[in-house]
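Tertiary structure, described
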Amino acid sequence: MIEVQLKKGKEKSLLRRHPWVYDTAVGRVAGKPDSGETVKVTAADGRFLGYGAYSPKSTLRVRMWSFDEAENTEVPEFLRARLEKAVKAREGLLARTSARRIVFGEADGIPGLIVDQYGDWLVTQFQSAGTERRRDEIVADLMAMTGAKGLFDRSDAATRQREGLAVHTGVLAGEEPPELIEVAEDGVKYGVNVRLGHKTGFYVAQRESRLAAQQLARDFEKTHGRKMRALNCFCYTGGFSLALALGGAAEVVSVDSSAEALAQAKRNADLNGFTEAQMKWVEADVFACLREARERGETFDLVILDPPKFASSHFHVERAARAYKDINLNGLRLLTAGGHLFTFSCSGAINPDLFQKIVAGAVIDSGKDAWCTARFGAGVDHPLLMTYPEGEYLKGLHLEVR
Ligand code: SAH
């Protein structure tokens, strides 16, 4: 096995079992490892640190497989055991949903591998050289473990290019999935387009927040004696909108700039039998839409803000912070007395503390007082590995206007 020796002092993160080695930490490479080849990582003083997959083009030069010198990472049993553990950990979710993340990369000890399961179908993202190299092995194991009808690959994320890997989409095992895979989550049906949808087709990470929205709509009627009116911004294929409708919202106005997403959202509403009077779909820019709603004097009992990643890296934090502040301020302004705001950020570069500060700034400028009555994050299928805080990218706050 080729040895990769780190520069002096650069072993600290591996000693804390963080799974990444940056290119800048690498001192000497005793050979020329292929893309994804397993290397032995050592400290400047020669002590063993771990085994990892080498990625010659990436700034994440090595992604660690193991910190245990006695572990044989090269045998099929190694990956199979990790996959089995990951798949097993998500079994409990089946009672609630047929849309689950069954492998969450670094958190499951398989850096760069994302696997989502939609009913009988699997969708993969191989985002690292190491998982790409062992792709066939992983695909065969996943098919055998889950009994899926087919596995569709959506390795088209920008992260692939940074790894020096070509984009790939298509079936890797079994049958072609249907154009729309029907899933059900907490009583709501969704059609998932795994070929053209965002990420693997659906935002599985928002499950807990969608359930909270559904429950809030239900509770609102009990407390207020009337059904709520809600605004769902960045609605995509209607995730929150349909959850609110099932909870009994009187009217849900949903905004997205993508006509394709809205078309799918409407199909999803039909699938659940929600009426057109209940669901309003608006193709527009949210930033402008919030201002226009205010000019018209519109109000809502709940505003949801679940924008795309505004900060793609720490270089964009300042600009992103301004954008978050803008939508949160203008969202808050539309709320009725006692109204609710569900606000999210999926930018890894914006940490939960900073996000809370930005939202607090928006509250102050709105002149309203608000309580944060709950915090949101991804569900149990996106576990936070304590040695890898980067895995916690999604955060959200539930504010209630006092
Ligand atoms: N809340 C969704 C996921 C949102 S993804 C769910 O739970 O399923 C972000 C969405 O924002 C995408 O559908 C994208 O089309 C939309 N979008 C991005 N920028 C926008 C803008 N400026 N105005 C309106 N929609 C936007």
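Rules of the game
The residue numbers shown here count from 1 along each chain, following its written sequence. At least 70 in pLDDT is required for a residue's local features to be given in this predicted model, at least 80 for side-chain atom pairs to be given and counted, and no such filter applies to totals for whole chains, interfaces and linings, which use all residues. Side-chain numbers come from the whole structure's heavy atoms, not from hydrogens or water. If a single non-hydrogen atom of a residue is within 4 Å of a molecule or strand, that residue counts as near it. Any N or O atom pair separated by 3.5 Å or less is treated as a polar contact, with the protein-specific requirement of one donor-capable and one acceptor-capable atom, and with residues adjacent in sequence counted only for side-chain atom pairs. Residues are sorted three ways: Asp, Glu, Lys and Arg are charged, Ala, Val, Leu, Ile, Met, Phe, Trp, Tyr, Cys and Pro are nonpolar, and all the rest, Gly among them, are polar. Here a strand is any run of E in DSSP of at least two residues, a helix any run of H or I of at least four, and the numbering for each starts at the N terminus. Here, two residues are considered to be in contact whenever any of their heavy atoms come within 4.5 Å of each other. Each nonpolar core is a collection of buried residues, namely Ala, Val, Leu, Ile, Met, Phe, Trp, Tyr and Cys, held together in the definition by side-chain atoms within 4.5 Å. Relative accessibility decides the category of a residue: with a 1.4 Å probe and only protein chains considered, values under 20% of the type maximum give buried, values over 50% give exposed, and everything between is partly exposed. Charged residues are defined narrowly, with Lys and Arg counted positive, Asp and Glu counted negative, and His plus the chain ends left uncounted. We define a salt bridge as a contact between a side-chain nitrogen of Lys or Arg and a carboxyl oxygen of Asp or Glu at a distance within 4 Å. We call two strands paired when DSSP finds no fewer than two bridges between them. Pairing of aromatic side chains requires ring centres within 6.5 Å, counting the rings of Phe and Tyr and the six-membered ring of Trp. Pairs whose planes differ by under 30 degrees are stacked, by over 60 edge-to-face, and all others tilted. Two conditions define a charge sitting above a ring: the NZ of Lys or the CZ of Arg must be within 6 Å of the ring centre, and it must be within 35 degrees of the ring normal. The axes are straight lines fitted to the C-alpha atoms, using for helices just the contacting stretch, and the angles between their N-to-C directions are given from 0 to 180°.

Near the ligand you find 16 residues, and of these Asp256, Ser257, Asp285, Val286 and Asp306 are the closest. For the ligand, a nitrogen atom lies 2.6 Å from a polar atom in the side chain of aspartate 306. The residue makeup of the shell around the ligand, split by class, is nine nonpolar, three polar and four charged.

Within the secondary structure, glutamine 214 sits in helix α6 (residues 207–224). Those residues in contact with glutamine 214 that lie beyond four places of it in its chain are Asp186, Val188, Ala243, Leu246 and Gly247. Only 2.8 Å separates the side chain of glutamine 214 from the side chain of arginine 218, close enough to count as a polar contact.

Leu231, Leu290, Val303 and Ile350 are the most contacted members of the largest nonpolar core, which has 34 residues in total. Among the elements of the structure, β14 (229–233), β15 (251–256), α9 (286–295), β17 (300–305), α10 (317–332), β18 (335–345), α11 (352–366) and β20 (395–401) are those that each provide at least two residues to this core. Here the element with the most residues in this core is α10; it accounts for eight residues.

Before going further, it helps to examine the side chain of aspartate 256. Along the chain, aspartate 256 turns up in strand β15. One buried charged residue, aspartate 256, remains without a salt bridge, the closest side chain of opposite sign being arginine 210 at 12 Å. A distance of 2.8 Å separates a polar side-chain atom of aspartate 256 from the backbone nitrogen of tyrosine 236. In this structure, aspartate 256 is in contact with Phe234, Cys235, Tyr236, Ala261, Leu262, Val282, Glu283 and Ala284, ignoring residues within four places of it in sequence.

Now for helix α7 (residues 239–247). Residues three or four positions apart in an α-helix share a direction because the helix packs 3.6 residues into each turn. Within α7, eight of the nine residues are buried, which leaves it mostly tucked inside the rest of the structure. Turning to α7, its buried residues are Gly239, Phe240, Ser241, Leu242, Ala243, Leu244, Ala245 and Gly247. Once α7 finishes, glycine 248 follows within two positions and takes phi at roughly 105°, a positive value.

Unusually for a residue other than glycine, phenylalanine 234 sits at a positive phi of about 60°. Inspection of the secondary structure assignment puts phenylalanine 234 in the loop between β14 and α7. The backbone of tyrosine 236 shows a phi angle near 50°, a positive value even though the residue is not glycine. Secondary-structure assignment places tyrosine 236 in the loop between β14 and α7. Under the relative-accessibility criterion, tyrosine 236 is labelled buried at 9%.

Applying the stated criterion across every chain yields a total of 26 salt bridges. For glutamate 298, the salt bridge goes to arginine 229, with nearest N and O atoms at 2.9 Å. Taken together, the positions of glutamate 298 in the loop between α9 and β17 and arginine 229 in strand β14 put the pair 69 residues apart, joining distant regions of the chain. For arginine 229, a relative accessible area of 23% gives the class partly exposed. One salt bridge connects arginine 402 with glutamate 400, and the closest N-O pair in it is separated by 3.3 Å. If you follow the salt bridges from partner to partner, you end up with Arg229, Glu251, Lys280, Arg296 and Glu298 in one network.

Turning next to the environment of lysine 325. Along the chain, lysine 325 turns up in helix α10. A C-alpha to C-alpha distance of 25 Å links lysine 325 and methionine 228, two positions 97 residues apart in sequence. In contact with lysine 325, not counting residues within four places along its chain, are Ile358, Gly361, Ala362 and Asp365. Among the polar contacts made by the side chain of lysine 325, one reaches the side chain of aspartate 365 at a distance of 3.0 Å.

What follows concerns the pairing of strand β9 (residues 121–126). With six of six residues buried, β9 is to be regarded as a mostly interior element. Burial along β9 is two-sided: Trp121, Val123 and Gln125 and Leu122, Thr124 and Phe126, pointing in opposite directions, are all buried. Across six bridges, the pairing between strand β8 (residues 113–118) and β9 is antiparallel. Paired with valine 115 across the bridge in β9 is threonine 124. What sits between β8 and β9 in their antiparallel hairpin is a turn of two residues, with glycine 119 showing a positive phi close to 60°. Here β9 runs beside strand β10 (residues 150–155); their pairing, made up of four bridges, is parallel. Bridge pairing links leucine 122 to leucine 151 in β10.

Taken as a whole, this structure holds 13 aromatic pairs when the rule is applied. Members of the aromatic cluster, joined through ring pairs, are Phe234, Phe287, Phe310, Tyr324 and Phe355. Arginine 134 extends its terminal NZ or CZ atom over the ring of tryptophan 65, reaching a point 5.7 Å from the ring centre. Lying across the ring of tyrosine 190, arginine 210 places its NZ or CZ 5.9 Å from the centre.

A word on the sheet that holds β17. In sheet architecture, strand pairing relies on hydrogen bonds along the backbone and comes in two forms, parallel and antiparallel. Strand order in the open sheet formed by seven strands is β16-β15-β14-β17-β18-β20-β19, with mixed pairing between adjacent strands. A strand with exactly one partner marks an edge of an open sheet, and here the two such strands are β16 (279–283) and β19 (370–377). Direction aside, the axes of adjacent strands within the sheet are offset by 15° on average. Looking at chain direction, β17 and β18 are connected through five bridges and run parallel. Each bridged residue has a counterpart across the sheet, and for leucine 302 the counterpart in β18 is histidine 340. Helix-sheet contacts for α6 involve β17, β18, β19 and β20, and the interaxial angle to β18 is about 170°.

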